[in-house]
Amino acid sequence: MDDTVVFRGEGPCDEFLRAVRKVAFDKGKHKDGDWMAGYASTCFAGEALRWYEGLDEEVQDDWKQLRTAMLDRFPPVSEQPTPTASEPSPASIPGNFIPTAPAAPPAAAPPAAAPPAAAPPPPGSSASPPIPRPREIHVSPPGALPAAPPPPRPLPPTSASLSGAFGSLSLGPNSTRRGRLAVMSDSPANRGWLGRSRINGYYEVTSDPTQALRVEYTPSTAGQPVDIRILESLPESNFDKLGMIWHVASPNIAARSPHNALCVAVRGPADEGMLSCGTGHAGPADTTVWSINQNGTVSPVWSSDKRSWHGLQTVVYANKTTKRVLFVADWGTWLRRNRPSNYDKANLKFEPI
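The structure presented is a predicted model; accordingly, all values stated were derived computationally and were not measured.

## A few points about helix α5 (residues 63–73)
Right, on to step 1. Those residues of α5 that fall on the buried side of the exposure criterion are Trp63, Gln65, Leu66, Ala69, Met70 and Asp72.
Right, on to step 2. Packing partners of the buried residues in α5 comprise α1 (14–26), α2 (33–41), α3 (46–53), α4 (57–60) and β2 (192–199).
Right, on to step 3. You can read the cap of α5 off the contacts: a side-chain oxygen lies 2.9 Å from the backbone nitrogen of Lys64, and it is on Asp62.

## Some remarks on the side chain of Glu204
Right, on to step 1. Along the chain, the position of Glu204 falls in strand β3 (residues 202–206).
Right, on to step 2. Side chain to side chain, Glu204 and Thr322 meet in a polar contact 2.6 Å long.
Right, on to step 3. At 2.9 Å, the side chain of Glu204 and the backbone nitrogen of Lys323 are in polar contact.
Right, on to step 4. Leave out the neighbours within four places in its chain, and Glu204 touches Trp193, Leu194, Gly195, Ser197, Ile199, Thr322, Lys323, Arg324 and Val325.

## Things to note about the environment of Arg177
Right, on to step 1. Relative to the assigned elements, Arg177 resides in strand β1 (residues 177–185).
Right, on to step 2. Looking at Arg177, the relative accessible area reads 10%, which means it is buried.

## Some details on the confidence of the model for the chain
Right, on to step 1. Averaged over every residue, the pLDDT of the chain is 75; residues scoring 70 or more account for 68%.
Right, on to step 2. Element-level mean pLDDT values for the chain span from 41 in helix α6 (residues 159–167) up to 94 in strand β10 (residues 297–302).
Right, on to step 3. Below pLDDT 50 for its whole length, residues 121–129 participates in 1 contact with residues either more than four positions away or in separate chains.
Right, on to step 4. Confidence drops under a pLDDT of 50 for residues 136–145, and excluding neighbours within four residues, the segment shows 8 contacts in the predicted structure.

## Remarks on the packing of aromatic side chains
Right, on to step 1. Here the structure, examined in full by the defined rule, presents 12 aromatic pairs.
Right, on to step 2. A ring pair is formed by Tyr317 and Tyr343, whose centres lie 5.1 Å apart and whose planes are at 40°; its orientation type is tilted. Pair noted here: Tyr317 is in strand β12 (residues 313–318) and Tyr343 is in strand β14 (residues 343–352), with a separation of 26 residues, a long-range link.
Right, on to step 3. Among the aromatic residues, those joined into a cluster by ring pairs are Phe7, Phe16, Phe44, Trp51, Tyr52 and Phe74.
Right, on to step 4. Sitting above the plane of the Phe239 ring, Arg267 keeps its charged end 5.0 Å from the centroid.

## Observations regarding the nonpolar core
Right, on to step 1. One finds Ile228, Leu242, Met244 and Trp290 to be the most contacted residues of the largest nonpolar core, which totals 32 residues.
Right, on to step 2. Those residues in contact with Leu242, other than ones at most four positions away along the chain, are Leu181, Leu194, Tyr203, Leu213, Ile228, Ile230, Cys263, Val264, Thr287 and Trp290.
Right, on to step 3. Judged by nonpolar contacts, the second largest core, of 25 residues, contains Val20, Tyr39, Met70 and Phe74.

## Topic: the pairing of β2
Right, on to step 1. In terms of residue burial, β2 counts as a mostly covered element, since 7 of its 8 residues are buried.
Right, on to step 2. Sheet analysis places β1 next to β2, joined by 2 bridges and oriented antiparallel. Residue pairing in the sheet places Ala182 in a bridge with Trp193 of β2.
Right, on to step 3. With 4 bridges joining them, β2 and β3 adopt antiparallel strand pairing. Bridge pairing in β3 links Leu194 to Val205.

## Some details on α3
Right, on to step 1. Where α3 is concerned, the buried positions are Ala48, Trp51 and Tyr52. Here the buried residues of α3 occupy an arc of 100° about the axis, which is enough to place them on one side.
Right, on to step 2. Residues of α3 that are buried in the fold lie against α2, α4, α5 and β2.

## Structural notes on the environment of Ala69
Right, on to step 1. Its place among the elements puts Ala69 in helix α5.
Right, on to step 2. On the accessibility criterion, Ala69 (4% relative accessible area) is buried.
Right, on to step 3. Sequence-wise, Ala69 and Ile199 are 130 residues apart; in three dimensions their C-alpha atoms are separated by 7.2 Å.
Right, on to step 4. Beyond its immediate sequence surroundings of up to four residues, Ala69 is in contact with Trp51, Val59 and Asn200.

## Quick notes on the packing of α3 against α5
Right, on to step 1. It is at 12 Å that the axes of α3 and α5 come closest, and there the two elements cross at 125°. When the axes of α3 and α5 are compared, the pair comes out oblique. The handedness of the crossing between α3 and α5 comes out as right-handed. Residues Glu47, Trp51 and Tyr52 of α3 touch α5, and the partners they reach there are Leu66, Ala69, Met70 and Arg73.
Right, on to step 2. Here the contact of α3 with α5 is composed, by residue class, of 5 nonpolar, no polar and 2 charged.

Rules of the game
- Residue numbers here run from 1 along each chain, matching the order of that chain's written sequence.
- Totals for whole chains, interfaces and linings use all residues, but because this is a predicted model, local features are given only for residues with pLDDT of at least 70 and pairs of side-chain atoms are given and counted only at 80 or more.
- Side-chain measures here rest on the full set of heavy atoms in the structure, leaving out hydrogens and waters.
- Throughout this description, buried means an accessible area under 20% of the type-specific maximum (1.4 Å probe, protein chains only), exposed means over 50%, and partly exposed covers the range between.
- Only DSSP runs of H or I with at least four residues qualify as helices, and only runs of E with at least two residues qualify as strands; both kinds are numbered from the N terminus onward.
- Contacts are assigned to residue pairs with any non-hydrogen atoms lying within 4.5 Å of each other.
- Any N or O atom pair separated by 3.5 Å or less is treated as a polar contact, with the protein-specific requirement of one donor-capable and one acceptor-capable atom, and with residues adjacent in sequence counted only for side-chain atom pairs.
- As a per-residue quantity, pLDDT reports the predictor's confidence and falls between 0 and 100.
- Within 6.5 Å between ring centres, the rings of Phe, Tyr and Trp (the latter by its six-membered ring) count as paired, and their orientation is classed by plane angle as stacked under 30 degrees, edge-to-face over 60, tilted in between.
- Charge-over-ring contacts are defined here by two conditions on Lys NZ or Arg CZ: a distance within 6 Å of the ring centre and an angle within 35 degrees of the ring normal.
- Side-chain atoms within 4.5 Å link the members of a nonpolar core, which is a set of buried Ala, Val, Leu, Ile, Met, Phe, Trp, Tyr and Cys residues.
- Here a strand pair is declared whenever DSSP counts at least two bridges between the two strands.
- Relevant arc is that of directions from the helix axis to the C-beta atoms, nothing else.
- All axes are obtained by fitting lines to C-alpha atoms, using only the stretch in contact for helices, and the reported angles, taken between N-to-C directions, cover 0 to 180 degrees.
- By definition in this entry, angles of less than 35 degrees are roughly parallel, angles greater than 145 are roughly antiparallel, angles of 65 to 115 are roughly perpendicular, and the rest are oblique.
- When the near helix sits turned anticlockwise from the far one by under a right angle, the crossing is termed left-handed; a clockwise turn instead gives a right-handed crossing.
- In this classification, the charged set is Asp, Glu, Lys and Arg, the nonpolar set is Ala, Val, Leu, Ile, Met, Phe, Trp, Tyr, Cys and Pro, and all remaining amino acids, among them Gly, are polar.

Here you go:
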């Protein structure tokens, strides 16, 4: 092994991918994807190694999928967003922003010097003595008000806080609503918001409200599922809807089903395969899969015929490197077939901002 090829995850990955290809070419292995994936696995260290150990085994063993995952997690510099000084990104402004106090008014000009006192009249003169001028009192302008303290960082949302937010809304039935999706997990450690960034193309939970994905939707008058449109996403910005994709080609959504779907970004029609997760899953995908009631509860649903809809359970899969959002057809069956300690039952709530 060439020990000079090491990737610690401290910057973009394009130079590392180029180095792996060069080593493979020098050894006549540049057409052998299995060899290149295996060789790359020996080059990770530090944060990159912890990220690599959290990948699915099929991604670790497939050079094409591993490349895609690395470019998604450690994008080249040219693909990283650079907010301009004149137009800060919306996510950089906290939702509970408190403006600072206005600047102090400019200091008043110093008072003009008083004219010299008139000389007293000579003895015997009939002139009246001068009337003394009243003493002028100048008040200095008040100093600048102290800047407001920084806003407190919001705590992960609770059901009570979300109910209060919706109680103040007075929107019409067809009004577009903008906000973010709160993840109400059974475990406090997994609560937060659906994040802007993705790992391997799949959405994760973030505890930082400024990094929450901003979305919008238009309520359905007939109570049908709706699309949730993406207002911003990282690292790409050309995905326009939130969707889901199933892990298997023919998912079973009936009781005792062991199948699951993952939360992804979609560009254009979902059946054309323009998904943020690449080719990691072979199942069907769709975007019109969100049922949102009056209090903001977002229920993932699925239909095989577009006539009858089956509700799914939102789940957070958590380990040392990820808090991935997925959806299962049967929560009890899923727990029996997987390690319970890694999965946490959750709900989604639309939080207006």
